[in-house]
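Descriptive analysis of the structure
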Amino acid sequence: MMVKKSVQLVICLLSLLTVELCSAANVDEACPTGDTDCASTNSECVSGTCKCVGTYYKSSATVCTTKIVLEAACTPGPTDQCVDFNAECKADTDNANKCLCKTTHYKDTNGACAVKSGFGGVCVTAIGDSTCLYSLKCTSDTCQCTTPVSQFFDTTDNLCKAKIALQATCTPGITDQCLDASAECKADTNNANKCLCKTTHYKDSNDACAAKIALEGTCTPGPTDNCLVASTECKQDTDSTNKCLCKTTHYKASNGACVAT
């Protein structure tokens, strides 16, 4: 560096035509191809342009200022003035401009900005709900809706919504949206997507999904699909007890299935 500056000094003294070489470049200006240093003592020539070094930011054309720590006062404008890469200069709750974590991040126990988690992601209960995205609640270190029993997370708009009642319209692909835990969103006989009982369940008299009944299990006449095994129906057996039995066109095989006669 001393040799380079000495050479530059000699050139400047020998010729008045070398004014460009004698003048230092401002931040974000082109460096005179290695023949001069940049104006700020905290800048360097990078790929032909004067840039502030890593821990400094451009506060004016000729000044590189030390970057600002988290939660310290800042001046809106420069995009890279905060030490933490995931922080930005914005107003806090008291309307004072400070380096604060971006909306997608939170301040962790190490004083750094960490990425917030989405629905079902890991969060930090000790810090609170601020460790979750989309106004989710941090419960038992998991980002959830406020009332998981009665709400589901809609991934189409990232909102928690009331779970959907049986036989009401739903959106395929979203998990846990049906209020009945034994229901799922699928097409009905009219090809309309609704919350319907899973294939292993049927809608009982209480409008709830009940587990289908195994072959020869006791049943209640009425629902046509309350028996689990195919080709069975709820009817009286020889002792006048209502059970899921093979239809008259079928018989019980050794493997427990109803086979056509």
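Residues numbered from 1 in each chain as written. Predicted model: local features only at pLDDT ≥ 70, side-chain atom pairs only at ≥ 80, totals over all residues. Heavy atoms only, no water.

Time to look at the pattern of salt bridges. Per the stated rule, a full pass over the model turns up 14 salt bridges. In this structure, the salt-bridge partner of K51 is D28, at a minimum N-O distance of 2.9 Å. Of this pair, K51 sits in strand β2 (residues 49-52) while D28 sits in the loop between α2 (19-22) and β1 (43-46); the two residues are 23 residues apart in sequence, bridging distant segments of the chain. Given a relative accessible area of 37%, K51 falls into the partly exposed group. In this structure, a network of salt bridges that share partners links the residues D28, K51 and K58. (Salt bridge = Lys/Arg side-chain N within 4 Å of Asp/Glu carboxyl O. Helix = DSSP H or I, 4+ residues; strand = E, 2+ residues; numbered from the N terminus. Buried < 20%, exposed > 50% of the residue type's maximum accessible area, 1.4 Å probe, protein only.)

Let's shift gears to the environment of D225. Here D225 shows up in the loop between β16 (209-211) and β17 (232-236). A relative accessible area of 38% places D225 in the partly exposed class. As a C-alpha pair, D225 and K212 span 13 residues in sequence and 7.8 Å in three-dimensional space. Beyond its immediate stretch of four places on either side in the chain, D225 contacts Y202 and K212. (Contact = heavy atoms within 4.5 Å.)

Turning to the side chain of D188, a few remarks are in order. Examined against the element boundaries, D188 turns out to sit in the loop between β13 (183-187) and β14 (193-197). Within the structure, D188 has its side chain in polar contact with the backbone nitrogen of N190 (distance 2.9 Å). (Polar contact = N/O pair within 3.5 Å; in protein donor to acceptor, adjacent residues only side chain to side chain.)

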